[in-house]
Amino acid sequence: MKKLLTTILSLGVAASAALAGDLSLTAVKVSDKLDALNADSALWSKAKFATVALYPQSAIEFNDKEAIEANKANKGKKAQVAALHNGSEIAILVKWADGSKNVQGIKCTDTYSDGFALQFAGTTKKAQPLPYIGMGSDGRPVVVHLQKATDKVYEPNGNKDVSTQINRQQTGVFGKELAEYDAKVVSLANTDFERVFVGEGFRSLTEIKDKSVKSNAAMKYENKGWTGTLVRSLKDDYVSASGTVPVAIAVWDGEKHGRNGLKLLSSWVAINLEGEKANAAVVAEATETPKGDAAKGKLAAETNGCAGCHQLDKSVPAGTMAPSLVNVGGYSTAAYLRESILKPSAVVVPGYNRNAHKNTPWYTIEKGKRVSTMTDYSFLDKATVEDIVAYLKTLKVEVE
Amino acid sequence: MSKRQLAMVMDLNKCIGCQTCTVACKTQWTNRNGREYMYWNNVETYPGTGYPKNWMELGGGFDAAGDLQPGVIPNLEADYGVPWDYNYESLMGGQSDSNHFQPHVSPTWGPNWDEDQGAGAFPQDNYFFYLPRICNHCTNPGCLSACPRDAIFKREEDGVVLVDLDRCQGYRYCIAGCPYKKIYFNPKISKSEKCILCFPRIEQGLPPACAQQCVGRIRFVGFLDDEESQVYKLVHKYKVALGLRSDYGTQPNVYYIPPTESPAKFDAEGKIIEGSTRLPVEELEKLFGPAVHDAIKTLKAEMKKRKETGVSELMDLLIAYQHKDMFRLDNNYYQEVAKAAKRNPLAPVDTRYIAGKFTKAGGHH
């Protein structure tokens, strides 16, 4: 099995040499059941690997001093991605380098786990535009599958088992009975940190706990890297995928205090299901390279005062007035950037906690709707907008 | 800001550091399931390192402009202290090689590691006092403002700040954001937990366990808008109860009567220096702000008045004759709230998510 995996990985490396930063790939069709698939499964030898670039999420800075320090010089990362499908389920494998295996300890208050997540576009009447990459937006929901590397964790509240929420010394039993109590506690332990969320924008994520989403995620650390796998249905209450499945990838590094927004993420990646008719428009949206002139766009961004609120250059300190855009070219589609310039209020996610910076609200609430405080730039001519989009697409850190 | 605010006043002149409040809280809430290291209520010696270690230097809170400041998440071993246990069982059962009590880890730090050390030189001018601390259930909570998950909420009905454990994902920004470091990470369930002001007791008309058990009767509990409550009188009428480190900008709702009485200093010959006081007022100003001077003045004046005339409402309040007067929880109020909300008991979750806002079929339990 190990040998096979090495073969797969070397295939992946070969692929990455040829293609840097793919935004579409093919999910090879197989007839096998996929639900028990993991990193070691032989089926992956049938898959085609692509390389997807992941960039640091740097839209906002969180209030954790040590984490800010640890993530200052973050670079992008390349992930090897492959997918399989059998008509009813899709399996996705993500492999990324990580020099240290970090598992959040159950006796620590300041350690964090490595992890990965796959984001799917939720079912909507229209497949496009794709949801905002940062966990969706109003009316454009996403489903996020999160897997974290964890130790065995005893989570009594998970099972609502009140009888085992007692300190062993207060059980009132001794000797053999106490040993039995301890064994029961251990038997209730939970080893897997796999969660599924639905959300319409960063901060709105809600865990789906009713088991209505069938999925199986796992991760394995080997040779200074993680391999994460996820299998889920192509259709359920939240996702209805056919032809082309847009997916976004995120990875967390516990070493750098990674959790929630402190992560690396990809832009939308279009996964075409082999044997089905691809959705050309979705593929085009995910893979579009803007035609504008980035140099002219930079100038236009300067004259239009974008830097008044947004951080465009890492050498200038980020304010709290608007999201930092230093990596926006790495994880945003051209369509999203265009929309944000022309219709700033089209996507306004609940965002970071507004109480944190009360004097610089990103949006106001009018008639129950979030209205961006950004100026509407729809007065710009089409060519200038395209130039700015081309410029914004260049804003991203180096990928290691 | 909530509709009403429940508040607590602690009289530092009367705290004897017996830790009965600490134990009352611990046995009620934090002796199990990953909360063992937490002290939702602790009593620390001031001056001292406090709990967690040097909490005043760990950031959080707001600057003058109202921006949340970055903070540090304390380490279990170095800053809180690993809760150690003793070999009771093996000793009781006679299975132990050793015949004495032994901790299961070698302790390197713990709450009250520097208990009663204080500052100054013994016997000339050494001093300390006890500072009991619980969550301040702030009007502008740093923890709530730091949470990117909307998992912390302030109850409308009484301003109690709670964590919705269903929404909490254990990111711990709340811990960095709280300048008092009174919200803790439970590593077993990977979620943040904190003092809940004993809301299940409060809703039944009982004061929080720490206040009920206090042998010095230093704790008053009531609504800040209830002019009949002793809390109102101490905070608003006499203005002798002040928030701790209000300069952090969170508008804390636990108030302290500053310690006004301390012995005089000794000179080199061990003689009393008349008119001196060991407790430097600068230290009190650091903790309670410039209003501490007026508070001390009022307290001293009322004490004098009571001595001379036998009459002082403020001194009578601080004598704390009756629990029923010290705790005005107005039980009917909570019954009305529960009735209006059609839920009894009040659910410890944010009602915005009870219906499962973003999930289809009962995602939120």
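Given the structure is predicted, the values throughout are model-derived calculations rather than measurements.

Rules and cut-offs
- Here the residue numbers are simple positions, counted from 1 along each chain's written sequence.
- Chains and ligands are labelled sequentially in the order written, the chains with letters from A and the ligands with numbers from 1.
- Restriction of local features to residues with pLDDT of at least 70 applies here, the model being predicted, together with a cutoff of 80 or more for giving and counting side-chain atom pairs; totals for whole chains, interfaces and linings are based on all residues.
- Heavy atoms throughout the structure, all of them, feed into the side-chain values; hydrogens and water do not.
- Per the convention used, a helix needs a DSSP run of H or I reaching at least four residues, while a strand needs a run of E reaching at least two, with both numbered from the N terminus.
- Computation of the radius of gyration draws on C-alpha atoms, with the globule rule given as 2.2 Å multiplied by the number of residues to the power 0.38.
- Each residue is assigned to one of three classes by its accessible area relative to the maximum for its type, calculated with a 1.4 Å probe on protein chains only: buried under 20%, partly exposed between the two thresholds, exposed over 50%.
- Contacts are assigned to residue pairs with any non-hydrogen atoms lying within 4.5 Å of each other.
- Per-residue and other accessible areas follow the Shrake-Rupley method at a 1.4 Å probe size, with only the shown protein chains counted as cover for residues.
- His is not counted here, nor are the chain ends, while Lys and Arg score as positive and Asp and Glu score as negative.
- Every charge is mapped onto a representative atom, which is NZ of Lys, CZ of Arg, CG of Asp or CD of Glu.
- An automatic or database domain assignment supplies the start and end points of every domain.
- The term salt bridge refers to a pairing of a side-chain nitrogen on Lys or Arg with a carboxyl oxygen on Asp or Glu at a separation within 4 Å.
- Residues adjacent in sequence count toward polar contacts only when both atoms are side-chain atoms; beyond that, a polar contact is any pair of N or O atoms within 3.5 Å, and within protein one must be able to donate a hydrogen and the other to accept it.
- Residue polarity is assigned by list, with Asp, Glu, Lys and Arg as charged and Ala, Val, Leu, Ile, Met, Phe, Trp, Tyr, Cys and Pro as nonpolar; anything else, Gly included, falls into the polar class.
- We call Phe, Tyr and Trp rings a pair once their centres come within 6.5 Å, taking the six-membered ring for Trp, and we label the pair stacked below 30 degrees between planes, edge-to-face above 60, and tilted otherwise.
- Each ring is checked for a lysine NZ or an arginine CZ that lies within 6 Å of its centre and within 35 degrees of its normal; such an atom marks a charge sitting over the ring.
- Predictor confidence is given residue by residue as pLDDT, running from a minimum of 0 to a maximum of 100.

Novice: How do you make sense of the overall build of chain B when you look at a structure like this?
Specialist: From N to C terminus, chain B includes 13 helices and 11 strands. Relative to its length of 365 residues, chain B is compact, with a C-alpha radius of gyration of 22 Å against a globular reference of 21 Å. Counting only residues that meet the buried cut, chain B has 57% of its 365 residues in that class. For chain B, long-range pairs separated by at least 24 residues make up 66% of all intrachain contacts whose partners lie at least 6 apart in sequence. As presented, chain B carries roughly 15,600 Å² of accessible surface, and 54% of it is formed by carbon and sulfur atoms. Averaging the locations of the 43 positively and 44 negatively charged side chains of chain B gives two centres separated by 5 Å.

Novice: Sorry if this is basic, but what is going on with the domain arrangement of chain A here?
Specialist: Bring the parts together and some accessible area is lost; that lost area is often taken as the interface size. Residue and element names in this part refer to chain A. When the domains of chain A are assigned, the result is domain 1 (2-153 + 191-287) and domain 2 (294-393). Taking only C-alpha atoms into account, the centre of domain 1 sits 26 Å from that of domain 2. Opposite the 28 residues of domain 1 that make contact, domain 2 presents 21 residues. Applying the counting criterion to the domain 1 and domain 2 interface returns two salt bridges. Taking the shortest distance from any N to any O, the salt bridge between Arg140 and Glu339 comes out at 2.7 Å. At the surface where domain 1 touches domain 2, the tally comes to seven residue pairs in polar contact (both at pLDDT 80 or more). Broken down by class, the residue content of the side of domain 1 that touches domain 2 amounts to 12 nonpolar, nine polar and seven charged.

Novice: Before we go on, may I ask you to explain helix 8 (residues 334-342) of chain A in this structure?
Specialist: An α-helix turns once per 3.6 residues; consequently, residues spaced three or four apart project the same way. Taken across its nine residues, helix 8 of chain A has seven buried, putting it largely inside the fold. Among the residues of helix 8 of chain A, A:Ala334, A:Tyr336, A:Leu337, A:Arg338, A:Glu339, A:Ser340 and A:Ile341 are the ones counted as buried.

Novice: Can you help me understand the packing of aromatic side chains in this one?
Specialist: What characterises a pair of aromatic rings is the spacing of the ring centres plus the angle enclosed by the ring planes. Applying the stated criterion to the full structure yields 23 aromatic pairs over all chains. Each ring, one from A:Trp96 and one from A:Phe116, has its centre 5.9 Å from the other, and the planes form 45°; the classification is tilted. On the criterion of sequence distance, the pair formed by A:Trp96 in strand 4 (residues 89-97) and A:Phe116 in strand 5 (residues 115-121) is long-range, its members being 20 residues apart. When the ring of B:Tyr37 is compared with that of B:Tyr184, the centres are 6.1 Å apart and the planes differ by 80°; the resulting orientation is edge-to-face. Of this pair, B:Tyr37 sits in the loop between helix 1 (20-30) and strand 2 (42-46) while B:Tyr184 is found in strand 6 (residues 183-186), placing the two residues 147 residues apart along the sequence. Judged by its relative accessible area of 0%, B:Tyr184 falls in the buried class. In this arrangement the basic side chain of A:Arg354 is found over the ring face of A:Tyr363, its NZ or CZ atom lying 4.3 Å from the centre. In this structure, B:Arg278 is placed above the aromatic ring of B:Phe266, and the distance from its NZ or CZ to the ring centre is 4.8 Å.

Novice: How should the confidence of the model for chain A be read in this particular structure?
Specialist: Atomic detail in the predicted coordinates should be set aside for any region of low pLDDT. Residues and elements named next belong to chain A. Of all residues in chain A, 92% attain a pLDDT of 70 or more, and the chain-wide mean is 89. Within chain A, the lowest mean pLDDT, 43, falls on helix 1 (residues 2-18), and the highest, 98, falls on strand 4. For the stretch residues 1-20, pLDDT sits under 50, and the model shows 20 contacts to residues farther than four places along the chain or on other chains.

Novice: Would you mind going over the environment of B:Thr45 with me for this structure?
Specialist: Residue and element names in this part refer to chain B. Tracing the backbone shows Thr45 in strand 2. In this structure, the C-alpha to C-alpha distance between Thr45 and Gln213, residues 168 residues apart in sequence, is 20 Å. Filtering out sequence-adjacent residues up to four positions away, Thr45 remains in contact with Asn112, Asp114, Glu115, Asp116, Gln117, Gly118, Phe128, Phe129 and Tyr130. Among the polar contacts made by the side chain of Thr45, one reaches the main-chain amide nitrogen of Asp116 at a distance of 2.9 Å.

Novice: Just to check I follow, could you spell out the pattern of salt bridges for this structure?
Specialist: Side chains bearing opposite charge may pair, as long as their charged atoms lie close to each other. Residue and element names in this part refer to chain B. Applying the stated criterion to the full structure yields 28 salt bridges over all chains. The residue Arg245 makes a salt bridge to Asp247 at a minimum N-O spacing of 2.8 Å. Its relative accessible area of 11% is what places Arg245 among the buried residues. The partner of Lys304 in a salt bridge is Glu308, and the shortest N-O contact between them spans 3.6 Å. Residue Lys304 and its partner Glu308 are both found in helix 10 (residues 292-309); the two are separated by four residues, about one turn of the helix. No difference in accessibility class separates Lys304 from Glu308, as the two residues are exposed.

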